[in-house]
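So the chains spell out like this:
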Amino acid sequence: MNKLEKIYEGKAKILYTTEDPNLVIQYFKDDATAFNAQKKGTIEQKGIMNNRIASRIFEHLQQHGIETHYVETLNDREMLVKRVQIVPLEVIIRNRAAGSLCRLLGLAEGTVLAVPTLEFCYKDDSLGDPQVNEYHIRALKYATDEEVKAIKDMAFKINDVLKKFFLDLKIELIDFKLEFGRVGGRIILADEISPDTCRLWEVGTGNKLDKDRFRRDLGGVEQAYQEVLRRVSK
Ligand code: TMP
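Predicted, not measured: the structure shown is a model, and the values here were computed from it.

Peer 1: How should I be thinking about the overall build of the chain in this particular structure?
Peer 2: In terms of helices and strands, the chain carries six helices and 15 strands. On C-alpha atoms alone, the chain measures out to a radius of gyration of 17 Å, which is about the 17 Å that the 2.2 N^0.38 rule sets for 234 residues. Taken over 234 residues, the chain has a buried fraction of 50%. Restricting the contact set of the chain to residue pairs at least 6 apart, pairs at least 24 apart contribute 57%. When the accessible surface of the chain is split by element, carbon and sulfur atoms take 51% of a total near 11300 Å².

Peer 1: Is there a simple way to think about the sheet that holds strand 13 (residues 180-183) in this case?
Peer 2: Pairing between the strands of a sheet is mediated by backbone hydrogen bonds and can be parallel or antiparallel. Pairing within the open sheet is antiparallel, and its three strands lie in the order 8-13-14. Each edge of the open sheet carries a strand with a single partner, namely strand 8 (85-86) and strand 14 (186-189). Of the pairings in the sheet, the one linking strand 13 to strand 14 comprises four bridges and is antiparallel in character. Bridge assignment links Gly181 to a residue of strand 14, and that residue is Ile188. Across the sheet, helix 4 (residues 145-167) lies against strand 13 and strand 14, angled at about 30° from strand 14, the strand it touches most.

Peer 1: Would you explain the pattern of salt bridges in this entry?
Peer 2: For side chains of opposite charge, pairing can occur when their charged atoms come near one another. On inspection of all chains with the given rule, the structure shows 33 salt bridges. Asp175 is the salt-bridge partner of Arg199, the closest N and O atoms lying 2.7 Å from each other. With Arg199 in strand 15 (residues 198-202) and Asp175 in strand 12 (residues 171-178), this residue pair connects regions lying 24 residues apart in the sequence. Summarising the burial analysis for this pair, Arg199 and Asp175 share the class buried.

Peer 1: Before we go on, may I ask you to explain the nonpolar core in this structure?
Peer 2: Proteins that are soluble and globular tend to have nonpolar side chains buried together. Grouped together as the largest cluster of nonpolar side chains are 53 residues, with contacts concentrated most on Leu61, Ile158, Leu162, Phe166, Leu178, Phe180 and Ile193. Examining the composition of this core, we find that nine residues originate from one element, helix 4, more than from any other. Once residues within four sequence positions are removed from consideration, Phe166 is found in contact with Ile57, Ile171, Leu173, Leu200 and Val232.

Peer 1: Where do I start with the packing of aromatic side chains in this structure?
Peer 2: To describe a pair of aromatic rings, you give the distance between the ring centres and the angle between the ring planes. If you walk through the whole model with that rule in mind, you get three aromatic pairs. Judged by centre distance (6.0 Å) and plane angle (25°), the ring pair of Phe58 and Tyr70 falls under stacked. Of the two residues, Phe58 sits in helix 1 (residues 46-63) while Tyr70 sits in strand 6 (residues 70-75), which places them 12 residues apart along the sequence. Assessed through its relative accessible area of 0%, Phe58 is described here as buried. Seen from their ring centres, Phe165 and Phe166 are 5.2 Å apart, and the 75° between their planes marks the pair as edge-to-face.

Peer 1: In this structure, what is going on with the site of the ligand? I would like to understand it.
Peer 2: Taken together, 14 residues lie near the ligand, and Arg94, Ser100, Asp175, Lys177 and Arg199 sit nearest. Arg94 has a polar side-chain atom sitting 2.9 Å from an oxygen atom of the ligand. Note that an oxygen atom of the ligand is positioned 2.5 Å from one of the side-chain N or O atoms of Asp175. In isolation the ligand has 450 Å² of accessible area, and contact with the protein removes 78% of it. Listed by contribution, the elements that provide at least two residues to the shell around the ligand are strand 9 (89-96), helix 2 (99-105), strand 12 and strand 15.

Rules and cut-offs
Residues numbered from 1 in each chain as written. Predicted model: local features only at pLDDT ≥ 70, side-chain atom pairs only at ≥ 80, totals over all residues. Heavy atoms only, no water. Helix = DSSP H or I, 4+ residues; strand = E, 2+ residues; numbered from the N terminus. Rg over C-alpha atoms; globule rule 2.2 N^0.38 Å. Buried < 20%, exposed > 50% of the residue type's maximum accessible area, 1.4 Å probe, protein only. Contact = heavy atoms within 4.5 Å. Areas by Shrake-Rupley, 256 points an atom, 1.4 Å probe, with all protein chains shown as cover. Pairing = 2+ DSSP bridges. Axes fitted to C-alpha atoms, helices over the stretch in contact; angles between N-to-C directions. Salt bridge = Lys/Arg side-chain N within 4 Å of Asp/Glu carboxyl O. Core = buried A, V, L, I, M, F, W, Y, C linked by side-chain atoms within 4.5 Å. Phe/Tyr/Trp six-rings, centres within 6.5 Å; stacked < 30°, edge-to-face > 60°. Near = heavy atom within 4 Å. Polar contact = N/O pair within 3.5 Å; in protein donor to acceptor, adjacent residues only side chain to side chain.

So, to be careful, I would describe these as geometric facts and stop short of saying anything about function.
In structure tokens form, the structure reads like this:
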């Protein structure tokens, strides 16, 4: 499968068409941004690590009945995925408070949430991906009610599967961000799941094994991603 034409370049990935109109190649870059790209940098080998980690996670989710855009891993930095129309929403699930939820509600980092929460953000970098609710989504036709229901059901199921997956690796899944796509009238999981898009804390030590190390200049960024890769590869 060859890369033909670049169709999209985001902050961390590039998408290329292939000979098959239903398949695209997702290329993982080392570029990292935070705070709506106000902070920019690179994380050495991140693209290679995230491609491997996301591949492993997609395979695991598919084994648990969750349909994803993942088809196969092509090489170090490239993954073959189904071409979808991306739903313009970022879906955030949280098990403990961290990041923007702590700022919003004045919570201590790590506060356990009695049940997992879900937030929708409208995917628009120029607006800083603002939070929206289901009324906005309906009124502005970002997604249909049926799609919103499918997305919520899938997101909570993904949380159940991934909480267990990571806990078996002595990692606690604190929160994460998902993106979904439409294909053939269905909603499937798209984008990536990696230390860029999750908060992952080592069980016992509480060590952060995710992009917060970059966001907050904690050091040991590459090592944290490497550690997640090592554990998911077992
Ligand atoms: P937040 O606490 O900054 O809202 O982030 C919640 C989770 O979503 C965290 O795991 C990081 C992830 N995330 C992304 O993957 N992309 C984004 O643009 C943002 C804001 C968060």
